[in-house]
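Single-letter residue listing:
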Amino acid sequence: MRTGRKKRIHFSKIYSFKCVKGGFQDDHLQIGGPGFSRVVFCNESDGSEASLRRNYATNYVRTTKYTALTFLPKSLFEQFRRPANFYFLVTGILSFTSLAPYSAVSSIIPLFIVIGATMIKEGIEDWQRKQQDIEMNNRKVKVHQGGGTFVQTEWRHLKVGDLVKVEKDEFFPADLLLLSSSYEDGVCYVETMNLDGETNLKLKQALEATSLLTEEQNFKDFKGVVKCEDPNANLYGFVGSMEFKEKQYPLSPQQLLLRDSKLRNTDYIYGAVIFTGHDTKVMQNSTAAPSKRSRIEKKMDKIIYFLFGVLFLIAFVGSVYFGIATKDDLEGSRVKRWYLRPDEADIFFDPARAAIAAVYHFLTASLLYSYLIPISLYVSIEVVKVLQSIFINQDVHMYHEETDKPAHARTSNLNEELGQVYTILSDKTGTLTCNSMEFIKCSVAGTAYGYGVTEVERAMAKRKGTVNGKYVETPLSDSPKRSSVKGFNFDDDRIMNGNWVNEKHADVIQKFCRLLAVCHTAIPDIDENTGNVTYEAESPDEAAFVIAARELGFEFFKRTQTSVSINELNPVSGKTVERTYKLLNVLEFNSTRKRMSVIVRDEEGKVLLLCKGADSVMFERLAKSGREYEEKTREHVNEYADAGLRTLILGYRELSEDEYKVFDEKFSEAKTSVSTDRESLIDNVTKEVEKDLILLGATAVEDKLQQGVPECIDKLAQAGLKIWVLTGDKMETAINIGYACSLLRQGMKHITITLDTPQITALEKLGEKDAIAMASRETVLRQITNGKAQVAKSSSEAFALIIDGKTLAYALQTDIKQLFLELAIGCASVICCRSSPKQKALVTRLVKEGTKKTTLAIGDGANDVGMLQEADIGIGISGVEGMQAVMSSDIAIAQFRFLERLLLVHGHWCYRRIATMICYFFYKNVTFGFTVFFYEAYASFSGQPAYNDWFLSLYNVFFTSLPVIALGVFDQDVSARYCLKFPLLYQEGIQNVLFSWRRIIGWMLNGVCGAIIIFFFCTSALNPQGFNKEGKIADYQILGATMYTCVVWVVNCQMALAISYFTYIQHVFIWGGIALWYLFLLAYGAMPPSISTTAYKVFVESLAPTPSFYIITFFVVISALVPYFTYNAIEMRFFPMYHEMIQWMRHEGQAEDPEFCNMVRQRSIRPTTVGYTARSLVKTNPLEDSNSNHR
């Protein structure tokens, strides 16, 4: 934590470059055109022109899904979009007609309970959003009320054009144009964590013309007109102009303060409201994430449709039979089914209108058999998934103490999908690595410095048995002492502690270190009590460079509006001196330029351009006279890349006054251009000056692997998951990181697809674009075809596919991408280098659509958002690069290693629980529904229900609902320890063995079998002999109550058999559900006959006193469970699934036997499996043998 008072920093040109008024009018033409039509009158009263702002959005923001008026209709529409709910609505409406075999109330109330529970859940969630909206809209800010007076006003009352005063640590209430601040030069510091998650401060600067308005009274007569772009979602762009005191000034993102960002390290700012409410950029970015549904949920819909088919089929068959039987009821004066009174019947049983009677019976049967469809299925699954998400969030094994961040399931829709992942597509920087850069090596004037050993070099040493002696001059076991300075792990006495002055090229080293200390956009933060300097930098790389310069004796300590100051060692006097460089221009880094430069004037009056950038763009910009150290530097850069380091090339040039003047005029003109192509104009101008550089050397920073990454990848590989890495790094760096994290292993053959061929290089020199494109396409196609042939020849060898972004552009073309995917699937691992964000998303889509299996994308930066949203499951790493990936993800974790537990434990459990839960739901409804069908058939398809109306209605809602929820939340086939010990278990989800059609139909047939046993055993036992001691026979009320009792016992005991892990809650729910049925039967039977109807005292007077009732219940329950028990015992003994194998091992005490455990583990290892376990096994025994018995 920082202590002490901070010095005020005067710095305005770091982003704004240089504000120039000339040349503005010609480039102002787009303002007022399409996309640039917004006109804001600042500080105007509600006059004629100012009234224009009334057409703009208010500053009231609503993020709720519903309003008080739309909640009921909209939420009802959402519920009845589901086919099952809509069907129950139709049956509920029909229950008010004479077609219904039961009372309307008993049909409608369960539907109300189920729909109501879901609507209450939706309502609570939306109410919480409403409370957040109220809190935000009622925040207060000072607004100008005229006469130079600012008064507190609620955010929601702000209007476009209002002038506001925002004070330190307050949020900006709208998108504001920065007019001035408490600093003299109109700068302010902004924290954008709520927008992009980045914690480093951004610097904003007001126009020079308004920066002097620092007092409230200055705004008494302030007038200004802003013309700018229309509302859009681009957080990092803004084009506009401001007319102030009859002069035009260009506006850039540097003057725009975005809503929800916070003012930091600045006492106050004044601003004009430009965009309000839903027009603000943060709200424009608040688009709904793509809707994702799990494969199980989609398949569940198909099962529902299948059951609808079964329902309508048996209703149709029964209706046809009923129609035929009704037609034959009257044979002259003889009546076959006299109890239906067909001679006095209306349409329902009239033999003269048998066809119509059959149609009516079909409608009645459709209502009666509706209990085949589980009415509470959807709401039960929603409840279970929410509870599962809570357990994921509270898992202490996925809590990262260092950052105080637990796992966070941002959606519960995809819990079971975590157990079915087939392919993982991962970013590298910040995901596999820490994105915490350390300066470890450098090359200056062709000499390599730095003795540090990287993690990649350690992995290479294990792989090759040696380490490159050129750089690692100390043995691996005796690594250099680690620096205590964060971001600096450099050790070389030749240039540390001022020893650089004794080196042969001391002058080059001096320029190299000066460039590191001056060429950046970092902000110094000085503690006045201790004098220590810390830095706020845009990226970890940049912070590492400034810290390295400081540790080497070139300390950057001060930045003003127009200068940069450093303390450096004077090689002549041997004393530390202060040097100040006048800051003329900053040419910013972006992904297209791949470099950044500063133009400064030193104390001797020389104009210097200092530049650092990627080797791919820097070497081509060197002057002929500046290539003295090129060969050696290239060699060092390649070796650094082999060591897994990130490299930058450093160069400089001296500009003449005339040359700089010409550049400055062109650059100023490009900067003041108010058009959408302003960035390209700036790039064209900067290319003209960033040339003829003199090479100084190269830097190498290490981005260390996150803790536990190799172990995690090894476990995931053992589980059978395919792992792809999509990175923007160089191919050599990505390959060596792949070895370090066990994604690649020794002996693995590389299939490299690249366009770095002599033919393509020759064509590129000629510059013939069409010829280059055609040749590139043919080259890629040929390499992919050759790669496929290579893989097809050997099924026992492991292949790694490596492709760069330039080549990937051709591989993703429509007619090639399928071949590319087939090759990639045949390889053990895939690494895509130099990939753009769009390419990451396209590759993810290709894998998802091509394999038809679950894909998971994991990343930590804004460049990973497209990939996360395209994948079936998006995992965001809450790391150094901000929160944009997290905000676009389905689940957020703090470290890559937590993915192991998330998938192998929670994924496996959630998949098994949801799959078993749904299968059980259909089982219990089929069991119940078919007893209704059999009884109706027994009653000559007369539409007579077997059970009392309320027995029918409460079956799903009360007597069988809670045990299945307990199964979905608490059941475990094996413990978390065994899930991690035997990754083989995860294959059950990948192969979908627990929710295959075979298993689903098996559960349904179990239900049909149980229904047959219950119905025929009960009817045979109760008819025709005497039921009680008086000799009375059992009527249909007694038969119905007895059958219902057997059904409740059977389905709850079936649940007890299906559960692998009992808790007290499950015991309470299972046996409590059965007890609840008896209590209900007592209470309901005690009600008057007008209410209880056929259940009136049926338990007290008929069932309870009769021993045969208990005997029948006991034997029927045992008989109905025997088929499942027998099948399960045979499967467990002779055809065990993976989890059953582990259960047997635990039961037999073999789970702790290392030899036996290794034998079981090897069943998941293939010759192509990556990870260090497979690497060690391939050395000791052929993997083919270990897999010979694999199922």
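Residues numbered from 1 in each chain as written. Predicted model: local features only at pLDDT ≥ 70, side-chain atom pairs only at ≥ 80, totals over all residues. Heavy atoms only, no water.

Scanning the protein from N- to C-terminus turns up 40 helices and 35 strands. Each of the 1191 residues in the protein was classed as buried or not, and the buried ones make up 58%. Here the analysis covers contacts within the protein between residues at least 6 apart in sequence; of these, 74% occur between residues at least 24 apart. Within the structure as shown, the protein displays about 49800 Å² of accessible surface, and the carbon and sulfur contribution to it stands at 56%. (Helix = DSSP H or I, 4+ residues; strand = E, 2+ residues; numbered from the N terminus. Buried < 20%, exposed > 50% of the residue type's maximum accessible area, 1.4 Å probe, protein only. Contact = heavy atoms within 4.5 Å. Areas by Shrake-Rupley, 256 points an atom, 1.4 Å probe, with all protein chains shown as cover.)

So, about the pairing of strand β24 (residues 576-587). Pairing of strand β23 (residues 563-569) with β24, which is carried by seven bridges, proceeds in the antiparallel orientation. Paired with Ser565 across the bridge in β24 is Thr580. Between β23 and the antiparallel strand that follows it, β24, lie six residues; Gly574 among them carries a positive phi value of about 80 degrees. Two strands pair when backbone bridges link them, and β24 and strand β25 (residues 595-601) are joined in this way by five bridges, in the antiparallel orientation. Within β25, the residue paired with Lys582 across the bridge is Arg601. (Pairing = 2+ DSSP bridges.)

Axis separation between helix α7 (residues 295-327) and helix α26 (residues 898-938) bottoms out at 12 Å; the angle between their running directions is 10 degrees. Taken together, the axis directions place α7 and α26 in an arrangement best described as roughly parallel. Side by side, α7 and α26 meet where Ile296, Met300, Ile303, Ile304, Leu307, Val310 and Ile314 of the first sit next to Tyr911, Ile914, Ala915, Ile918, Phe922, Val926, Phe930 and Phe933 of the second. Classifying every residue of the contact of α7 with α26 by side-chain character gives 15 nonpolar, no polar and no charged. (Axes fitted to C-alpha atoms, helices over the stretch in contact; angles between N-to-C directions. Parallel < 35°, antiparallel > 145°, perpendicular 65-115°, else oblique. Nonpolar A, V, L, I, M, F, W, Y, C, P; charged D, E, K, R; others polar.)

What follows deals with the confidence of the model for the protein. Any region with low pLDDT has predicted coordinates that should not be read closely. The share of residues in the protein with pLDDT of 70 or more is 85%, and the mean pLDDT across the chain is 83. Summarising per-element confidence for the protein, the mean pLDDT is lowest in helix α1 (residues 13-16) (36) and highest in strand β4 (residues 163-167) (95). Within the model, pLDDT remains below 50 along residues 1-29, and this stretch shows 86 contacts once partners closer than five positions in the same chain are excluded. A low-confidence stretch, residues 1178-1191 stays under pLDDT 50, and its non-local contacts, those more than four residues away or across chains, total 28 contacts. (pLDDT = per-residue confidence, 0-100.)

Here the focus is empty space enclosed by the protein. Summed over the entire model, instances satisfying the criterion amount to six cavities of 30 Å³ or more. Of the pockets and cavities examined, the largest cavity occupies roughly 120 Å³. As for the largest cavity, its lining consists of 14 residues, and the residues nearest its centre are Phe88, Ser107, Pro110, Tyr371 and Ile375. The set of elements that each furnish at least two residues to the lining of the largest cavity consists of α3 (83-94), α4 (104-137) and α27 (949-959). (1 Å grid on protein atoms, 1.4 Å probe; cavity = no way out; pocket = protein on both sides within 12 Å on 5 of 7 lines; lining within 4 Å. Points joined across faces, edges and corners; volume = space filled by probe spheres on them.)

What follows concerns the packing of aromatic side chains. Applying the stated criterion to the full structure yields 59 aromatic pairs. Seen from their ring centres, Tyr66 and Phe71 are 5.2 Å apart, and the 90 degrees between their planes marks the pair as edge-to-face. What makes Tyr66 buried here is its relative accessible area of 5%. A network of ring pairs unites the aromatic residues Tyr102, Tyr371, Phe928, Tyr947, Phe951, Tyr955, Phe959, Tyr1044, Trp1077, Phe1080 and Tyr1084 as a single cluster. Here Arg38 stacks its cationic end above the ring of Tyr56, 3.9 Å away from the centre of that ring. One Lys or Arg, Arg634, reaches over the ring of Phe619 and ends 4.1 Å from the middle of that ring. (Phe/Tyr/Trp six-rings, centres within 6.5 Å; stacked < 30°, edge-to-face > 60°. Lys NZ or Arg CZ within 6 Å of the ring centre and 35° of its normal.)

Within this structure, the stated rule accounts for 41 salt bridges. Two residues, Arg595 and Glu690, come together in a salt bridge whose shortest N-O distance is 2.7 Å. Placement of Arg595 in strand β25 and of Glu690 in the loop between α16 (678-689) and β28 (694-705) is noted, with a sequence separation of 95 residues between them. Given a relative accessible area of 3%, Arg595 falls into the buried group. Put simply, Lys840 and Asp864 hold a salt bridge, and the shortest N to O gap is 2.9 Å. (Salt bridge = Lys/Arg side-chain N within 4 Å of Asp/Glu carboxyl O.)

A separate point is the pairing of strand β6 (residues 187-191). Across the five residues of β6, five count as buried, placing the element largely inside the fold. Residues Val187, Tyr189 and Glu191 point to one face of β6 and Cys188 and Val190 to the other, with burial holding for every one of them. Here β6 pairs with strand β7 (residues 202-205) via four bridges, running antiparallel. Considered in β7, the bridge of Val190 is made with Lys202. Judged from the three bridges that link them, β6 and strand β12 (residues 262-264) form a sheet pairing that is antiparallel. What sits directly across from Tyr189, in β12, is Arg264.

A separate point is helix α15 (residues 657-671). Taking 1.5 Å per residue as the helical rise, α15 with its 15 residues ought to reach 21 Å, and the 20 Å between its terminal C-alpha atoms agrees with that figure. Among all positions in α15, only Tyr660, Phe663, Asp664, Phe667, Ser668, Ala670 and Lys671 are buried. For α15, the buried positions fall inside an angular range of 155 degrees around the axis, keeping them on one side. Turned more than 90 degrees away from the buried face of α15, the exposed residues are Asp658 and Lys661. (Expected span 1.5 Å × (residues − 1). Arc of directions from axis to C-beta.)

For the rest of this paragraph, the subject is the UniProt feature "binding site: Mg(2+)" (unreviewed entry) in the protein. Mapped onto the present numbering, the UniProt feature "binding site: Mg(2+)" (unreviewed entry) falls at Asp427, Thr429, Asp860 and Asp864. A stretch of 438 residues holds the annotated residues, and the largest C-alpha distance among them is 10.8 Å, short enough that they meet in one place. Checked against the element boundaries, Asp427 lands in the loop between β17 (421-426) and β18 (433-444). Ignoring anything within four residues of it in the chain, the contact list for Asp427 reads Leu432, Leu726, Lys840, Ile858, Gly859, Asp860, Asp864 and Met867. Inspection of the secondary structure puts Asp864 in the loop between β33 (854-859) and α24 (865-870). In contact with Asp864, other than residues within four places in its own chain, are Asp427, Lys840 and Gly859. (UniProt positions renumbered as here; feature names shortened; annotations may be inferred.)

Considering the arrangement of structural elements, one finds Ser829 in strand β32 (residues 829-833). At 3.3 Å, the side chain of Ser829 forms a polar contact with the backbone oxygen of Leu743. (Polar contact = N/O pair within 3.5 Å; in protein donor to acceptor, adjacent residues only side chain to side chain.)

This brings us to the environment of Lys671. Relative to the helices and strands, Lys671 is located in helix α15. Expressed as a C-alpha distance, the spacing of Lys671 and Ser252, which sit 419 residues apart in the sequence, is 9.0 Å.

Reading across from one edge, β7-β6-β12 is the order of the three strands in this open sheet, with antiparallel pairing throughout. Strands at the two margins of the open sheet, each flanked by one partner only, are β7 and β12. Averaged over all pairs of adjacent strands, the angle between strand axes in this sheet comes to 45 degrees, irrespective of strand direction.

This part is about the UniProt feature "transmembrane region" (unreviewed entry) in the protein. Within this numbering scheme, the UniProt entry marks residues 303-324, 358-379, 921-938, 950-970, 1000-1022, 1042-1061, 1068-1087 and 1107-1127 as carrying the feature "transmembrane region" (unreviewed entry). The annotated region residues 358-379 carries 64% helix and 0% strand content, and the separation between its end C-alpha atoms amounts to 35 Å.

Here the focus is a nonpolar patch on the surface. A grouping of Val105, Ile109, Ile113, Phe958 and Leu1076 is seen on the molecular surface, where their side chains present a nonpolar patch of about 390 Å² in accessible area. For the nonpolar patch, the leading source of residues is α4, giving three residues. Structurally, Ile109 can be placed in helix α4. Here Ile109 falls in the partly exposed class, since its relative accessible area comes to 33%. (Patch = residues over 30% accessible without salt bridge, like charges linked within 9 Å, V, L, I, M, F, W, Y side chains within 5 Å.)

A few words now on the nonpolar core. Counting 110 residues, the largest nonpolar core has Tyr369 and Tyr947 as the members making the most contacts within it. Excluding anything up to four places from it in sequence, Tyr947 contacts Phe928, Thr931, Val932, Leu952, Gly1040, Met1043, Tyr1044 and Val1047. (Core = buried A, V, L, I, M, F, W, Y, C linked by side-chain atoms within 4.5 Å.)

Moving on to the sheet that holds β18. Sheet architecture is open: nine strands sit in the order β19-β18-β28-β27-β26-β25-β24-β23-β22, paired in antiparallel fashion. What marks the edges here is a single partner per strand, and that holds for β19 (447-449) and β22 (554-559). Strand-to-strand twist of the sheet, defined as the mean angle between neighbouring strand axes without regard to direction, takes the value 30 degrees.

The geometry of α4 relative to helix α9 (residues 377-393) is characterised by a closest axis approach of 10 Å and an angle of 35 degrees between their N-to-C directions. Residues Val114, Ala117, Thr118 and Lys121 of α4 form the contact with α9, whose participating residues are Val379, Glu382 and Val386. A breakdown of the residues in the contact of α4 with α9 according to their chemical character gives four nonpolar, one polar and two charged.

Once that is clear, we can look at the state of the cysteines. The full count for this structure, using the stated rule, is zero disulfides. Of all cysteine sulfurs, the one in Cys442 lies closest to Cys513, which takes part in no disulfide; the gap is 7.5 Å. (Disulfide = S-S within 2.5 Å.)

Another point: the environment of Phe545. Relative to the helices and strands, Phe545 is located in helix α12 (residues 540-551). Along the sequence, Phe545 and Ala522 sit 23 residues apart, while their C-alpha atoms lie 10.0 Å from each other. Among residues more than four places away in sequence, those in contact with Phe545 are Phe439, Leu516, Lys612, Leu648, Thr699 and Val701.

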